[in-house]
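# A closer look at the structure
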Amino acid sequence: MKSTKAHLYETANGLMKGLSDLVDLRQGYHYQPTAYNGVKVLTLTLNNVSSRALRPIANNLRELSMYVTTEGEAAEDIRIGRSQKKHTIKLEIVKPQFYWKQLDLRHIAHRSTGTPVATIGVDLQDKPARIDFDEPDASHILLIGQTRCGKTNTAKVFAWNIAHNLKPEQGRVVIFDIAPAKKGRDWGDFKRLPVLAADLIVDTEVAAKTLKWLDFELLRRGKISDPPRLFVLVDELKALFDIIPDSRAILTRLGSQGAGVNIHLILATQVAQVNTLGCSELLGNVGIRLCGKVTDANKAYAALGEGGTGAEQLMGLGDFLLKWNGLHRLAIAKVTDQNMALLPRGEINPLINFDDMPDSEILPTEAKPIINRGQPSQVLPVEPEHLAYLMATGMMGQKKLASGIKAAGLAETFSNERAGRVIGYLKRMNKWWSANGYSLNVE
Ligand SMILES: Nc1ncnc2c1ncn2[C@@H]1O[C@H](COP(=O)(O)OP(=O)(O)O)[C@@H](O)[C@H]1O
Ligand SMILES: [Mg+2]
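Calculation criteria
- Residues numbered from 1 in each chain as written.
- Chains lettered and ligands numbered in written order.
- Predicted model: local features only at pLDDT ≥ 70, side-chain atom pairs only at ≥ 80, totals over all residues.
- Helix = DSSP H or I, 4+ residues; strand = E, 2+ residues; numbered from the N terminus.
- Buried ≥ 20, exposed ≤ 12 C-beta atoms within 10 Å, placed from the backbone.
- Contact = placed C-beta atoms within 7 Å.
- Pairing = 2+ DSSP bridges.
- Right-handed = clockwise from strand over helix to strand, strands pointing away.
- Axes fitted to C-alpha atoms, helices over the stretch in contact; angles between N-to-C directions.
- Parallel < 35°, antiparallel > 145°, perpendicular 65-115°, else oblique.
- Left-handed = near helix turned anticlockwise from the far one by under 90°.
- Nonpolar A, V, L, I, M, F, W, Y, C, P; charged D, E, K, R; others polar.
- Near = placed C-beta within 6 Å.
- Core = buried A, V, L, I, M, F, W, Y, C linked by C-beta atoms within 7 Å.

## Overview of the overall build of the protein chain
Per the secondary structure count, the protein chain includes 16 helices and 15 strands. Each of the 443 residues in the protein chain was classed as buried or not, and the buried ones make up 40%. Counted over contacts in the protein chain with a minimum sequence separation of 6, partners at least 24 positions apart contribute 69%.

See the structure below:
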């Protein structure tokens, strides 16, 4: 292998020769080049280049990669990056692994603790990429990508940051991994961390109960000011949806109302198509997307909600696109044993306690009807559970009721024979209501 310097020099020169041969763009004459040697990716920036050059370059990316060879091997995919500046084109070339730079979470992690901030890796200029869960649209996160692109590792980076930056009384994380083939296998190193709200959840029954607990926690927190953070991390989201049908509705509620009560979602999935996942409202409430390698441009579109991102040209191994205030290519840090050794270990003082839940049959699980965004809004029949839920969440008094329930529907319901069922339902919940600070007056 050559020295790093020699390799970079040859890569940049090869690219520039390719640009000249293939699209007739010459250095100094048609553009001024600058190069940056990132952790895994070399960026060649063409400055002062005509925007008309973009399409010819895009059409010749394959051929261009042939001009970049290491030990006789052509470069992997070349991606055209997004550039904020006009007349600037960024070409991103993955370096052979031999030339990668070290990237250690310890060195980039946030120093000041006590804040809900996750440092997940570095951008192409080696600047640490931080996500502050308190920033606008940053409450919830979706991780997408094909198998082995690095979703679980990225989810671990988030969990590591939470454990590293927050004391158990400031924030907790609950981790679900119930996919039959996995069942927590990838999460063995996350046992016995006091930051966990419960032991790793790998069992279907425990998962279903915990979800119901979370559903009630959402209501309970409405009465508390500034409750501690709770991060709900789901690895293999599709499996959870398939195995526990209620999980869609519950996660959708957590997605739409969780941010206000310091509940955050971190969801990982191979599948991002709305019609396969069946949760458009949930996806609409997730402000941050992190996408690793996907198989093709259609998958990339589903993952990021826009075309031309080049997510299918990522290489895997933590090579991700962050969609949040623009689109940014990141090298995600790998969570190592040394990183894990820095986390405090000890007994978990469970936050999730099934004893303080009401009888499970009267949970308002399906209470809030879910309406798909972008589809004509349907008026769903109002069930007693819906009303109870609306009352419990204080939405009754508002003109704008939960999606899909029209005020007219409510009036009608009260005047028909369902009213009795509503009151019955509310009374059965009474014990829980008073335990949680509600005073209920039903005649
Ligand atoms: N950021 C990273 N840097 C280097 N290697 C990584 C990174 N993320 C993942 N890998 C490697 O890629 C493999 C798959 O990662 P994993 O997180 O399990 O992917 P997924 O959950 O998408 O299937 C693992 O062996 C892991 O070591
Ligand atoms: Mg995984």
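Right, picking up where we left off after that structure.
## A short note on helix α11 (residues 297-304)
Every α-helix winds through 3.6 residues per turn, so residues three or four apart in the chain are directed the same way. Within α11, the full set of buried residues consists of Lys-299, Ala-300, Ala-302, Ala-303 and Leu-304. If you follow the buried residues of α11, they end up packed against β9 (141-144), β13 (288-291) and β14 (319-323). One or two positions beyond α11, positive phi appears at Gly-305, with a value near 70°.

## So, the pairing of strand β11 (residues 229-234)
Within β11, 5 of the 6 residues are buried, leaving the element largely enclosed by the surrounding structure. With 6 bridges joining them, strand β10 (residues 171-176) and β11 adopt parallel strand pairing. For Val-174, the partnering residue across the bridge sits in β11 and is Val-232. For the crossover that starts at β10, traverses helix α6 (residues 204-221) and ends in the parallel β11, the hand is right-handed.

## Let's talk about the packing of α6 against helix α8 (residues 246-257)
In contact at an axis separation of 10 Å, α6 and α8 are set at 30° when each is read in the N-to-C sense. As summarised for this structure, α6 and α8 are arranged roughly parallel, according to the angle between their axes. Seen from above, α6 lies across α8 with left-handed handedness. For the pair α6 and α8, the contacting residues are Ala-208, Leu-211, Leu-214, Asp-215 and Leu-218 in the first and Asp-246, Ser-247, Ile-250, Arg-253, Leu-254 and Gln-257 in the second. In terms of residue class, the contact of α6 with α8 is built from 6 nonpolar, 2 polar and 3 charged.

## Section: the site of ligand 1
In the vicinity of ligand 1, 13 residues are found, and the nearest of them are Gly-150, Lys-151, Thr-152, Asn-153 and Gly-318. By residue class, the composition of the shell around ligand 1 is 3 nonpolar, 6 polar and 4 charged.

## Overview of the sheet that holds strand β2 (residues 41-47)
Taken together, 4 strands build an open sheet; the order of strands is β1-β2-β6-β5 and the sheet is antiparallel. The sheet terminates laterally at β1 (32-37) and β5 (78-81), the two strands that pair on one side only. Ignoring which end each strand starts from, the neighbouring axes of this sheet average 25° apart. As paired elements, β1 and β2 share 6 bridges and run antiparallel to each other. Of the residues in β2, the one forming a bridge with Thr-34 is Thr-45.

## Here we look at the nonpolar core
In a soluble, globular protein the nonpolar side chains are often hidden away together inside. Of all hydrophobic cores here, the largest spans 82 residues; its most connected members are Ala-159, Val-173, Ile-175, Val-232 and Leu-233. In this view, Ala-159 contacts Val-173, Ile-175, Phe-190 and Leu-233; residues no more than four positions away in its chain are not counted. Counting 22 residues, the second largest nonpolar core, distinct from the first, contains Met-16, Ile-78, Leu-91 and Ile-93.

## Here's the deal with unusual backbone geometry
The residue His-87 is not glycine, and still its phi comes out positive at about 55°. Among the secondary structure elements, His-87 is positioned in the loop between β5 and β6 (88-94). Classification of His-87 by C-beta neighbours within 10 Å gives partly exposed; the count is 13. The backbone of Asn-262 shows a phi angle near 65°, a positive value even though the residue is not glycine. In this structure, Asn-262 sits in the loop between α8 and β12 (263-269). A count of 19 C-beta atoms within 10 Å places Asn-262 in the partly exposed class.

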